[in-house]
Amino acid sequence: MSDPFTIFLLLFLFFGTIIAATYYYKEKRRDYYNAIQGICPKCNKEILLEDKRSAGCCGPVQLSFHCEHCGYQNTFSSYDNGSCGC
Ligand SMILES: [Zn+2]
């Protein structure tokens, strides 16, 4: 028989992980939309697309952004590969 405290702890960790992951992806998506529009998510100045790497025609595209103003750097994976017609 399980101890109720252990069950509570497991539930707490389970929901905590889900909340943290949701929050993380929401933040990441917001940063991504800012960056593709050329705006740094950190200082709201102009951001540069430093590198664009594709893992094959229909694979995800890796977009690396770098802000010269505050040093913000991030890489995003995008499945929005419009030129292929997959
Ligand atoms: Zn910046």
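Look above for the structure.
Counting restarts for each chain, with residues numbered from 1 along the sequence as it is written. Reporting in this predicted model follows two pLDDT cut-offs: at least 70 for local features of residues, and 80 or more for side-chain atom pairs to be given and counted; totals over whole chains, interfaces and linings ignore these cut-offs and use all residues.

**Observations concerning the overall build of the protein**
- Scanning the protein for helices and strands turns up one helix and three strands.
- Note on method: radius of gyration uses C-alpha positions; expected globular size equals 2.2 Å times residues raised to 0.38. Relative to the 2.2 N^0.38 estimate, which gives 12 Å for 86 residues, the radius of gyration of the protein is 19 Å and therefore markedly larger than a compact globule would have.
- Its C-alpha atoms give the protein principal-axis dimensions of about 55 × 35 × 15 Å.
- Once C-beta atoms are placed from the backbone, each residue is buried if 20 or more other C-beta atoms lie within 10 Å of its own, exposed if 12 or fewer, and partly exposed for counts between those two. Split into buried and exposed, the 86 residues of the protein put 7% on the buried side.
- A residue pair is marked as a contact if its C-beta atoms, positioned from the backbone, fall within 7 Å. A separation threshold of at least 6 residues defines the contact pool for the protein, and within that pool the share at least 24 residues apart is 33%. By the criteria applied, helices consist of DSSP H or I runs no shorter than four residues and strands consist of E runs no shorter than two, each listed in order from the N terminus.

**A look at the pairing of strand β1 (residues 48-54)**
- When you tally the buried positions in β1, you get zero out of seven residues, a small fraction of the element.
- Bridging between β1 and strand β2 (residues 61-66) involves six bridges; their strand directions are antiparallel. Bridge pairing in β2 places Ser54 opposite Val61.
- The rule for pairing is simple: two strands pair if DSSP sees at least two bridges between them. Hairpin connection of β1 to β2: six residues between the antiparallel strands, including Gly56 at a positive phi of 90°.

**Overview of the sheet that holds β2**
- Pairing in this open sheet of three strands is antiparallel, and the strands run β1-β2-β3 from one edge to the other. Sheet topology places β1 and β3 (73-78) at the edges, where each strand pairs with a single neighbour. Put simply, the sheet's adjacent strands are angled 20° from each other on average, direction ignored. Axis angles are defined between N-to-C directions and span 0 to 180 degrees, where every axis is a line fitted to C-alpha atoms and, for a helix, only to the segment in contact.

**Some remarks on helix α1 (residues 4-36)**
- In this scheme, a helix's expected span is set at 1.5 Å multiplied by one less than its residue total. When the terminal C-alpha atoms of α1 are compared, their 48 Å separation across 33 residues agrees well with the 48 Å that a helix rising 1.5 Å per residue should span.
- Across the 33 residues that make up α1, only a small minority, one, are buried.
- Among the residues trailing α1, Gly38 stands out with phi positive, at a value near 85°.

**Examining the environment of Lys42**
- If you trace the backbone, Lys42 turns up in the loop between α1 and β1.
- By the C-beta count within 10 Å, which is 16 here, Lys42 ends up partly exposed.
- When the C-alpha positions of Lys42 and Cys70 are compared, they lie 7.6 Å apart, and in sequence the two are 28 residues distant.
- Residue contacts for Lys42: discarding those within four places in its chain leaves Cys67, Cys70 and Tyr72.

**Remarks on unusual backbone geometry**
- Its identity is not glycine, yet Asn44 carries a phi of approximately 60°, on the positive side.
- When you line up the elements, Asn44 lands in the loop between α1 and β1.

**So, the nonpolar core**
- Any set of buried Ala, Val, Leu, Ile, Met, Phe, Trp, Tyr and Cys residues joined through C-beta atoms within 7 Å is what this text calls a nonpolar core. Listed in full, the six residues of the largest apolar core are Ala35, Cys40, Ile47, Leu63, Phe65 and Cys67.
- The residues touching Phe65, leaving out its near neighbours within four places in the chain, are Ala35, Ile47, Leu48, Leu49, Glu50, Gln73 and Asn74.

**Structural notes on the pairing of β2**
- Pairing of β2 with β3 involves six bridges; the strand directions are antiparallel. Paired with Phe65 across the two strands is Asn74, which belongs to β3.
- Between the antiparallel neighbours β2 and β3 lie six residues, among them Gly71 with a positive phi of about 85°.

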